[in-house]
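Spelled out, the chains give:
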Amino acid sequence: MNIPSPIQKLDSPLFKEKEVEVWIKRDDLIHTEISGNKWRKLKYNLEKCKAGNYKSLLTFGGAYSNHILATAKIGFDHNIKTIGIIRGEEHLPLNPTLQQSIEFGMELHYTSRTDYRKKAEQQYLFQLKKQFNNPYIIPEGGGNIEGVLGCKDIVEEINFDFDYILTDCGTGATLAGLNLALKPHQKAIGIPVLKGGEFINKEVSHFYKLLNTDYSTLNKIDLALDYHFGGYAKHKQELIDFMRSFYKQTTIKTDPIYTGKLFFGFMDLVKKDYFPRGSKVVVVHTGGLQGIEGFEKRYKFKLYQ
Ligand SMILES: *Cc1c(COP(=O)(O)O)cnc(C)c1O
């Protein structure tokens, strides 16, 4: 586990022209199977699971989920049984994410999309507790209080002053955690990878309510809503082209579901003068690279040569 994750200065003619300084917080380098922000979100959940002497971990995810594989690997390493509730039907042969999860000992249970939607309902969770002999249950994507607090640690590892910090958003847990650690002059920017990303504001407020944090006194969060490329797991050629050229220029790989959209959005914001001259900006590379192989198999082309 590569903690604290490295932080790297990124140079480019564009940043020079716009007079912004840019660093990348390389959470993608934390681990190959345990995707960066999924490690952050699992860390305190794992502690709680151990402290409570639970015999197993149960969680939810789609067939390509970074969180499912991360949970499987953490369970494997800590000798805790893992159960994955997977959205939809089983498709054989298994994609690389689910195949590896099984190799790490995870027990997979497929559920209909209708049942999957109940994943946060008390009654359904109660039923799962009974069915699987009282597992420690983590919500989809690791989106709970422990997950948010784990993401707060990302900022605490950065030992210089900056003005902006950016992350991609699925549930908003990572963004909520980053924002919790900021000083008054600092700002967190979220790039939702889903359509209709305004809902992230509600999710963040919800987390802060659970934490008894007064949301209104915290730094305001900004959401850049125009970089979802059609919605979750949707992509366009323009995104693929960007990811390839970004890789060529920086040797940093991004994934098509999350971080490709994040860096595309970030570069576009720089071009559009979102950041005042002299700004110091940190972009969190949240990981997700395990998903590349599954994406390539599914769409039958290679992202990177
Ligand atoms: C899950 C995931 C996200 C989304 O994080 P949230 O905390 O759910 O907003 C972003 N990037 C990567 C690589 C992820 O795996």
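Here the structure is a predicted model, which means the values were calculated and not measured.

**Quick notes on the overall build of the protein**
What the protein contains, in helices and strands, is 12 helices and 10 strands. Since a compact globule built from 305 residues should have a radius of gyration of about 19 Å, the 19 Å found for the protein is in line with a globular shape. The principal-axis extents of the C-alpha atoms in the protein amount to approximately 60 × 45 × 35 Å. Looking at the protein as a whole, 55% of its 305 residues qualify as buried. Taken as a whole, the protein presents about 14400 Å² of accessible surface, with 51% of it coming from carbon and sulfur. One way to put it: in the protein the 42 positive side-chain charges average out to a point 3 Å from where the 35 negative ones average out.

**Some words on the sheet that holds strand 8 (residues 187-192)**
In a beta sheet, neighbouring strands are held together by backbone hydrogen bonds and run either parallel or antiparallel to one another. Ordered by their spatial adjacency, 6 strands build an open sheet running 1-2-10-7-8-9, and the pairing between neighbours is mixed. The sheet is open, and its two edges are formed by strand 1 (7-10) and strand 9 (221-223), each paired on a single side. Within the sheet, the average angular offset between the axes of one strand and its neighbour, ignoring direction, is 25°. Here strand 1 runs beside strand 2 (residues 21-26); their pairing, made up of 4 bridges, is antiparallel. When the sheet's bridge partners are listed, Lys9 is paired in strand 2 with Trp23.

**Considerations on the sheet that holds strand 4 (residues 81-87)**
Spatially, 5-4-3-6 is the arrangement adopted by the 4 strands of the open sheet, whose pairing is parallel. Each of the sheet's edge strands pairs with one partner strand only, and the pair in question is strand 5 (107-111) and strand 6 (136-138). Strand-to-strand twist in this sheet, taken as the mean axis angle between neighbours without regard to direction, amounts to 20°. The pairing of strand 4 with strand 5 spans 5 bridges and is parallel.

**With respect to the packing of aromatic side chains**
Using the criterion set out here, one finds 18 aromatic pairs in the structure. Arranged with centres 5.8 Å apart and planes meeting at 85°, the rings of Phe295 and Phe301 form a pair that is edge-to-face. Take Phe295: its relative accessible area is 5%, and that puts it in the buried class. According to the relative accessible area criterion, Phe301 is partly exposed, its value standing at 27%. A network of ring pairs unites the aromatic residues Tyr227, Phe229, Phe242, Phe246, Phe263 and Phe264 as a single cluster. Lying across the ring of Trp23, Lys9 places its NZ or CZ 5.1 Å from the centre. Lying over the aromatic face of Tyr258, Lys38 brings its terminal NZ or CZ to 5.4 Å of the ring centre.

**Quick look at helix 12 (residues 291-299)**
Along helix 12, the residues that are buried comprise Gly291, Ile292, Gly294, Phe295 and Glu296. In the core, the buried residues of helix 12 are packed alongside helix 3 (66-77), helix 4 (96-103) and helix 10 (237-250). Just downstream of helix 12 lies Lys300, where phi reads positive at about 60°.

**Some remarks on the pairing of strand 4**
The buried fraction of strand 4 is high, at 5 of 7 residues. One ladder, built from 6 bridges, connects strand 3 (residues 56-61) with strand 4; its direction is parallel. Considered in strand 4, the bridge of Leu57 is made with Thr82. One crossover worth recording links strand 3 to the parallel strand 4 by way of helix 3, and it is right-handed. Chirality of the crossover, the property in question, places the unit of strand 4, helix 4 and strand 5 among those that are right-handed.

**Notes on unusual backbone geometry**
At the junction of Ile3 and Pro4, the peptide bond is cis and its omega measures out at -5° in the coordinates. With respect to the element layout, Pro4 can be found in the segment before strand 1. Following Leu92, the chain continues to Pro93 via a peptide bond in cis, the omega torsion being -5°. Inspection of the secondary structure puts Pro93 in the loop between strand 4 and helix 4. With a phi close to 60°, Asp273 is a non-glycine residue in the positive phi region. With respect to the helices and strands, Asp273 occurs in the loop between helix 11 (259-271) and strand 10 (280-285).

Cut-off values and rules
- Residues numbered from 1 in each chain as written.
- Predicted model: local features only at pLDDT ≥ 70, side-chain atom pairs only at ≥ 80, totals over all residues.
- Heavy atoms only, no water.
- Helix = DSSP H or I, 4+ residues; strand = E, 2+ residues; numbered from the N terminus.
- Rg over C-alpha atoms; globule rule 2.2 N^0.38 Å.
- Buried < 20%, exposed > 50% of the residue type's maximum accessible area, 1.4 Å probe, protein only.
- Areas by Shrake-Rupley, 256 points an atom, 1.4 Å probe, with all protein chains shown as cover.
- Lys, Arg positive; Asp, Glu negative; His and termini not counted.
- Charge placed at Lys NZ, Arg CZ, Asp CG, Glu CD.
- Pairing = 2+ DSSP bridges.
- Axes fitted to C-alpha atoms, helices over the stretch in contact; angles between N-to-C directions.
- Phe/Tyr/Trp six-rings, centres within 6.5 Å; stacked < 30°, edge-to-face > 60°.
- Lys NZ or Arg CZ within 6 Å of the ring centre and 35° of its normal.
- Contact = heavy atoms within 4.5 Å.
- Right-handed = clockwise from strand over helix to strand, strands pointing away.

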